[in-house]
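Notes for the structure review
Listed below, chain by chain, are the residues.
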Protein chains: 2
Amino acid sequence: MPATIRDVARASGVHISTVSRTFSAPHLVNPETRVRVLACAEELGYRPNRAARALITGRTHNIGLIIADIANPFFPPLIKAAESQARHRDYHVFVADTNEDPVAEEELVHALAKQVDGVLLCSPRMSNSLIEQLSREVPLVVINRQVAGLPCVMMDVGQGARAAIEHLLDLGHRKLALLSGPRGSWTSREIRRSAVAAARSGGAELTVLGPNPPTETGGAGLADQVRRNGVSAVLAYNDLMAIGLIEGLDAYGIRVPQDVSVVGIDDITLSRLTRPKLTTVATPTSAAGRTAVDMLLQHDTGVRARGVRSGTSDDRRTTAQVMLQTELVIRDSTAPATPDGRSRSGAVADPDPHCPAGPGHPVAATGGVVAS
Amino acid sequence: MPATIRDVARASGVHISTVSRTFSAPHLVNPETRVRVLACAEELGYRPNRAARALITGRTHNIGLIIADIANPFFPPLIKAAESQARHRDYHVFVADTNEDPVAEEELVHALAKQVDGVLLCSPRMSNSLIEQLSREVPLVVINRQVAGLPCVMMDVGQGARAAIEHLLDLGHRKLALLSGPRGSWTSREIRRSAVAAARSGGAELTVLGPNPPTETGGAGLADQVRRNGVSAVLAYNDLMAIGLIEGLDAYGIRVPQDVSVVGIDDITLSRLTRPKLTTVATPTSAAGRTAVDMLLQHDTGVRARGVRSGTSDDRRTTAQVMLQTELVIRDSTAPATPDGRSRSGAVADPDPHCPAGPGHPVAATGGVVAS
DNA sequence: ATGAAAGCGCTAACAA
DNA sequence: TTGTTAGCGCTTTCAT
C-alpha cells in the first residue's frame, strides 16, 4: 500500500494541500513545515502519484517514442539518447515498435496520446496528411522526415549520399547502383534524389534497385541483380543492407572492394567490425534523439488551463526544423575502379590489417536550423 | 481538447456511467444503447483516459522495462519481444536505461512504481536484498538473475559455458582464459563457476581475467593480457567482448582461430557478420522478453479492492522461475590446438567462404520450470 | 438496464 | 502561510 498525500498530511499534522505545495511549490511553504513534511514523506516512502497529478495539471511527464524497428541497430543509440535526455528533464519514456507498419504507427499515437505530453515519431511510414492530423491530437516531433508545419529533426542524408556518390566517382566508377529503402521512407527518397542528381552531374549511370526492406536480408537478396547489372559500385540505403549485399556478393565469389565497391549509410557500430570495414555515411543518431526530446519539451508548459477549453489552440510551438550534418567515413569497402569497369585491388583496398583501432571517425552533430 | 466521457454521454443522451459500462462492461448495457454510445464515441474520437481509469481500478496497463544498456546489442531483441508481447495484451511499456548503474536501477523502480503494474528488471546489478525489498513496492520479474522468492527468467549460461569449454577441450586446448563480465552480474558469476568447473574436470588450466565492462572496448583491452598469459583459447563473457578481443589480438598480429581460439556468448546478430564468424553460445533473448511479460501479467488481476488497504498482501503471485536453454553454435573462431599450445590453422579454421548463408543455427527456447 | 453519488490522489483557486 | 473547496476523468457500489 503506497503512502498517499493524505498519509503524509496526517503524519505531519498539516492539510493535504500543504503537503502538495511542499512538493510542487516548496517556496510557498514555511521552511520549518516543509522540513517536517519532507521528513514524514521520507519516513513513509511517499512519492507523488504522477498519474493523479497529471489528471489535473494536464502534464503527464511522460513522452512516447515510436520506432520503426527496435532490433534494427540504427535505432538503439537514438532510443538511448532520447531516454537519457528525457530522464534528465524528469520525463519517462514509452517505447513502442511499429514493425515498419504505418497502421500500427497511427494506432500507437492514438493509444499513447492521453498518457504523454508528446510523441517522437521516428522514421514514420505514414502519409504527411495523417501525421499532420495526428499532431492535432498530441504534440509531435518528427524524426527522419520533413513535414511542413511540424517540428522535425532530420539528418542530411541527401548531402551524405552526394558525398558517397562523388567519392565513388572520384575512384573512377561510372556504372553505379543504388539499393533503395522501404516504400514510404523519406530518408530513402532523399537519398535517391540526391544520388541520382550526383550521378547525373558526374556523367555516370545509376540504376535504382528497390524498394527493399532495410535489412541485411534485403541487401543479400540483391546480390544477383547487382551482379547481372554489371555495376562496379553500390550505394545502399543503410549499413545493414550494405553488409548483407557484401555477404551476398561473397556467395557469388565477387569480392568487395576488389570487384565491387560498396558504401553504406548510418555508420552503425557493426560497420567498423565487419571485414571489409564499411565505407559509410555517418548519421548523428544520438544527437537526433537528444534534439528531438529538447524540441518536444521546449515549450511544454503544460498548464492546460482548468476548464478553459479553448477552441483555438494558439499555443502552437515554434515549429523549428533542424537538419543535422552527416559525414562520409571512408574505410575499406571502396576502391578505385579498373578500366574494365571493375574495382582494382590495391593499397586502398587492403590497408594494414594490423594497425590498431586508431582515433576513430568523429561524427559531426552540429545542427543548423533550416526553417522556422 | 480530447473528448471526455462526459462529452460522449451528452452526445448520446445517457449518463456517464452508461458510457463507462459500454467500454468496461459492455454486457451490462442494452445493445441498442451500446451501439449509439459507440457511434458517438467514434464520432468524437473518444478514448478512455487510462490514467484516470487507473486511479480507481489500480491497474495502469503499463509495465516498466529496466535495461542495463540499450545500446548493447544483446538487449534490443529482448526489448522488442517484450514490447510486442505487452502490446498484444494491451499494455504499454516504459523503457529505461541504467547505464549499468545499480543506483539508477533503484531510483528507476521507485520512480516508475506508481505508473506501472509491474517492472521487468533486466540484468540488474543491485543486491539481492534490495531487489527483494523493491519487490514489495511493485511486482517485479527478474531477468538474467536468480533471486529467491521472486519470479525469474534465466538463460542457462552455466550449461552454455560448460559446452563452450568442452568444445575447446575437445579441440585440444589446455591453457584457457575466461574474460569475465561486470561486477555484480549474476550471468558472469554463473559463467565463471561453470567454466572453472568444466576446465578443472577436463584437466585444463583456466585463468580468469576481470571483471570487465561488457563491451567491445572491454574485450579489446584484454588482448595484451591474453597474449602474455600464453593461452590458446578464450571464452568471453559476451560476443561484444569476444569481438573486441579478436580486434585487439589482430593488432598484435595474433590470428583467430589460427593462433588463438575465441568463443563468445549471446549470439548477437553481429556475431554472424564478423570475420571470422564467431563461435558462440546462443541465448534465447526474445523468448526471455516474452516469457517475462507473460509471467508478470499472469496474475495481474489488478483490482486492488476499493478502500481495502489489506495489511497482508496475500496476493503473492506464484513465483515460478524459468530457465531457458542455450546452445553452442560452432562457427569459425575456434580451431584445434597445435602441440605447442597454439591453434592449428586448417580445414576447420577456414571453411569455404563462398558457401551461402546456410540454414542458420536454431536457438532452443524451450523453457523448463526449475523451481516454484 | 440505467442513474445518482462517492471517491481514486492530487492541484489550484480562493479565503482566512 | 495555511486550510477549504471544487474537481481532473473515470469506475463502481447502490438505488431505481
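Residues numbered from 1 in each chain as written. Chains lettered and ligands numbered in written order. Predicted model: local features only at pLDDT ≥ 70, side-chain atom pairs only at ≥ 80, totals over all residues. Heavy atoms only, no water.

Chain A has the name Transcriptional regulator, LacI family in an unreviewed UniProt entry, where Micromonospora echinospora is given as its organism.

1. Considerations on the domain arrangement of chain A
All names here are of chain A. For the record, the criterion: Domain delimitation follows an automatic or database domain assignment. Should any heavy atoms of two residues lie within 4.5 Å, those residues are counted as being in contact. The term buried area means the drop in 1.4 Å probe accessible area that two parts suffer when joined, counted for both and summed.
We note that the domain assignment places domain 1 (5–57), domain 2 (62–155 + 285–306 + 314–324) and domain 3 (157–283) within chain A. A C-alpha centroid distance of 29 Å is found between domain 2 and domain 3. Contact with domain 2, which involves 12 residues of that partner, is made by 14 residues of domain 3. Buried area between domain 2 and domain 3, summed over both chains or domains, comes out near 1100 Å², and the portion from carbon and sulfur atoms is 57%. Considering only the side of domain 2, the residues that lose the most area to domain 3 are Pro73, Arg125 and Met155, jointly responsible for 42% of the buried surface there.

2. A closer look at the pairing of strand 7 (residues 205–209) of chain B
Residues and elements named next belong to chain B. Our working definition: A pair of strands is considered paired only if DSSP assigns at least 2 bridges between the two. Under the scheme used here, helices are H or I runs from DSSP no shorter than 4 residues and strands are E runs no shorter than 2 residues, and both carry numbers assigned from the N terminus. Whether a crossover is right-handed depends on one test, that the path from the first strand over the helix to the second runs clockwise when the strands point away from the viewer.
Across five bridges, strand 6 (residues 175–179) lies against strand 7 in parallel orientation. Bridge assignment links Leu178 to a residue of strand 7, and that residue is Val208. Following the chain from strand 6 across helix 9 (residues 186–201) to the adjacent parallel strand 7, one finds a crossover that is right-handed.

3. Considering the protein's contact with DNA strand D
The line we're drawing: When at least one non-hydrogen atom of a residue lies within 4 Å of a molecule or strand, that residue is treated as near it. Any pair of N or O atoms that falls within 3.5 Å is considered a polar contact. Within protein, one atom must be able to donate a hydrogen and the other to accept it, and sequence-neighbouring residues count only if both atoms are side-chain atoms.
Around DNA strand D, a shell composed of 31 residues is seen, among which His15, Arg21 and Thr33 of chain A together with Ile5 and Arg53 of chain B lie nearest. Each atom of DNA strand D within 4 Å of the protein belongs either to a base or to sugar and phosphate, the latter forming 62%. Here His15 of chain A contributes a backbone N or O atom positioned 2.9 Å from a phosphate oxygen of DNA strand D. At 2.5 Å, a side-chain N or O of Arg21 of chain A approaches a base oxygen of DNA strand D. Taken together, the elements giving at least two residues each to the surface near DNA strand D come down to helix 2 (16–24) and helix 4 (50–57) of chain A together with helix 1 (5–12), helix 2 (16–24) and helix 4 (50–57) of chain B.

4. Here's the deal with the interface of chain A and chain B
Rules: For this document, the term salt bridge refers to a Lys or Arg side-chain nitrogen within 4 Å of an Asp or Glu carboxyl oxygen. In the scheme used here, Gly and all other residues not listed as nonpolar or charged are polar, with Ala, Val, Leu, Ile, Met, Phe, Trp, Tyr, Cys and Pro taken as nonpolar and Asp, Glu, Lys and Arg as charged.
If you look at the interface, chain A gives 52 residues, while chain B gives 52 residues. A buried area of about 5100 Å², summed over both sides, lies between chain A and chain B, and 55% of it is on carbon and sulfur atoms. Interface area lost by chain A to chain B is led by Lys80, Lys114 and Leu273 of chain A, which between them contribute 14%. Put simply, chain A and chain B have 10 salt bridges between them. A salt bridge links Arg272 of chain A to Glu216 of chain B, with the shortest nitrogen-to-oxygen separation between them at 3.9 Å. Taken together, chain A and chain B are joined by 21 residue pairs in polar contact (both at pLDDT 80 or more). The dominant element in the side of chain A that touches chain B, judged by the number of residues it contributes, is strand 2 (residues 92–97) of chain A, at six residues. Taken together, the residues of the side of chain A that touches chain B break down into 23 nonpolar, 12 polar and 17 charged.

5. Some details on the protein's contact with DNA strand C
Around DNA strand C, 31 residues are found, and the nearest of them are Ile5, Ser20 and Arg53 of chain A together with Arg21 and Thr33 of chain B. Atoms of DNA strand C within 4 Å of the protein: sugar and phosphate make up 62%, bases the balance. Within the backbone of His15 of chain B, an N or O atom sits 2.7 Å from a phosphate oxygen of DNA strand C. The backbone of Asn30 of chain B places a nitrogen or oxygen atom 2.9 Å from a phosphate oxygen of DNA strand C. When residues of the surface near DNA strand C are traced back to their parent elements, those giving at least two are helix 1 (5–12), helix 2 and helix 4 of chain A together with helix 2 and helix 4 of chain B.

6. Quick look at the packing of helix 1 of chain B against helix 3 (residues 31–44) of chain B
Residue and element names in this part refer to chain B. We apply this condition: For every element, the axis is a line fit to its C-alpha atoms; helices are fit only across the contacting stretch, and the angle between N-to-C directions ranges from 0 to 180 degrees. Angle categories are assigned with fixed cut-offs, so that under 35 degrees is roughly parallel, over 145 is roughly antiparallel, 65 to 115 is roughly perpendicular, and the rest are oblique. Should the near helix be turned counterclockwise from the far one by less than a right angle, the crossing is left-handed, whereas a clockwise turn marks it as right-handed.
One way to put it is that helix 1 packs onto helix 3 with a least axis distance of 9 Å and a crossing angle of 125 degrees. Comparing their axes, helix 3 and helix 1 come out oblique. When you trace helix 1 past helix 3, the crossing you get is right-handed. Residue-level contacts link Asp7, Val8, Ala11 and Ser12 of helix 1 to Arg36, Val37, Cys40, Ala41 and Leu44 of helix 3. Taken together, the residues that form the contact of helix 1 with helix 3 break down as six nonpolar, one polar and two charged.

7. Section: the sheet that holds strand 6 of chain B
Residues and elements named next belong to chain B. Within the open sheet, the six strands sit side by side as 7-6-8-9-10-12. Their pairing is mixed. Both edges of this open sheet fall to strand 7 and strand 12 (327–329), since each of them pairs with a single strand only. Direction aside, the axes of adjacent strands within the sheet are offset by 20 degrees on average. Pairing between strand 6 and strand 8 (residues 233–236): four bridges, direction parallel.

8. Quick look at the nonpolar core
The criterion, for reference: We define a nonpolar core as any set of buried Ala, Val, Leu, Ile, Met, Phe, Trp, Tyr and Cys residues linked to one another through side-chain atoms lying within 4.5 Å. The cut-offs for exposure are 20% and 50% of the maximum accessible area for each residue type, with area from a 1.4 Å probe on protein chains only; residues under the lower value are buried, those over the upper are exposed, and the others partly exposed.
Within the largest apolar cluster, 146 residues are counted, with the highest numbers of intra-cluster contacts made by Leu120 and Leu235 of chain A together with Leu120 and Leu235 of chain B. If sequence neighbours within four positions are ignored, Leu120 of chain B has contacts with Ile63, Gly64, Leu65, Ile66, Ala82, Val141, Ile143, Ala292, Val293 and Leu296 of chain B. Ranked by size, the runner-up nonpolar core spans 46 residues in total, among them Leu112 of chain A together with Phe94, Ala96 and Met323 of chain B.

9. Quick word on the sheet that holds strand 12 (residues 327–329) of chain A
Residue and element names in this part refer to chain A. In spatial order, the strands read 7-6-8-9-10-12; together these six strands make up an open sheet with mixed pairing. Looking along the sheet, the strands with just one partner apiece sit at the ends: strand 7 (205–209) and strand 12. The average undirected angle you get between the axes of adjacent strands in this sheet is 20 degrees. Running at roughly 160 degrees to strand 7, helix 9 (residues 186–201) makes contact with strand 6 (175–179), strand 7, strand 8 (233–236) and strand 9 (261–266) of the sheet.

10. Notes on a nonpolar patch on the surface
Inclusion rule: Patches were defined on residues exceeding 30% relative accessible area and lacking a salt bridge, with like-charge contacts within 9 Å and nonpolar side-chain contacts (Val, Leu, Ile, Met, Phe, Trp, Tyr) within 5 Å. Using a 1.4 Å probe, accessible areas were evaluated by the Shrake-Rupley method; residue-level cover was limited to the displayed protein chains.
The grouping of Leu55 and Ile56 of chain A together with Leu55 and Ile56 of chain B at the surface amounts to a nonpolar patch, some 380 Å² of accessible area in total. Every element with two or more residues in the nonpolar patch is listed here: helix 4 of chain A together with helix 4 of chain B. With respect to the secondary-structure elements, Ile56 of chain B resides in helix 4. Judged by relative accessible area, Ile56 of chain B falls into the exposed class, the value being 52%.

11. A look at the environment of Leu55 of chain A
Structurally, Leu55 of chain A can be placed in helix 4. Here Leu55 of chain A falls in the partly exposed class, since its relative accessible area comes to 43%. Sequence separation between Leu55 of chain A and Gln115 of chain A is 60 residues, and the spatial gap between their C-alpha atoms is 9.9 Å. Every residue in contact with Leu55 of chain A, bar those within four places of it in the chain, is listed here: Asn49, Ala52 and Leu55 of chain B.

12. Notes on helix 3 (residues 31–44) of chain A
Residue and element names in this part refer to chain A. Applied cut-off: By definition here, a helix of n residues has an expected span of 1.5 Å times n minus one. It is the directions from the helix axis to the C-beta atoms whose arc is reported.
For helix 3, spanning 14 residues, the distance from its first C-alpha to its last is 20 Å, which sits close to the expected 20 Å at 1.5 Å a residue. Thr33, Val37, Cys40 and Ala41 are the residues of helix 3 that are buried. Axial view of helix 3: buried residues confined to an arc of 100 degrees, hence all on one face. Facing away from the buried side of helix 3 by more than 90 degrees, the exposed set consists of Glu32, Val35, Glu42 and Glu43. Contact partners of the buried residues in helix 3: helix 1 and helix 2. Two or three places before Glu32, at the start of helix 3, stands the capping residue Asn30, its side-chain oxygen 2.8 Å from that residue's backbone nitrogen. Where helix 3 ends, the next residue or the one after it, Gly45, has phi of about 70 degrees, a positive value.

13. Comments concerning the pattern of salt bridges
Residues and elements named next belong to chain A. In the structure shown here, the tally under the stated rule is 30 salt bridges over all chains. Ionic pairing is found between Asp267 and Arg331, a salt bridge with its closest N-O pair at 2.9 Å. Pair noted here: Asp267 is in the loop between strand 9 and strand 10 (279–282) and Arg331 is in the loop between strand 12 and strand 13 (367–371), with a separation of 64 residues, a long-range link. Arg331 sits in the buried class, given a relative accessible area of 8%.

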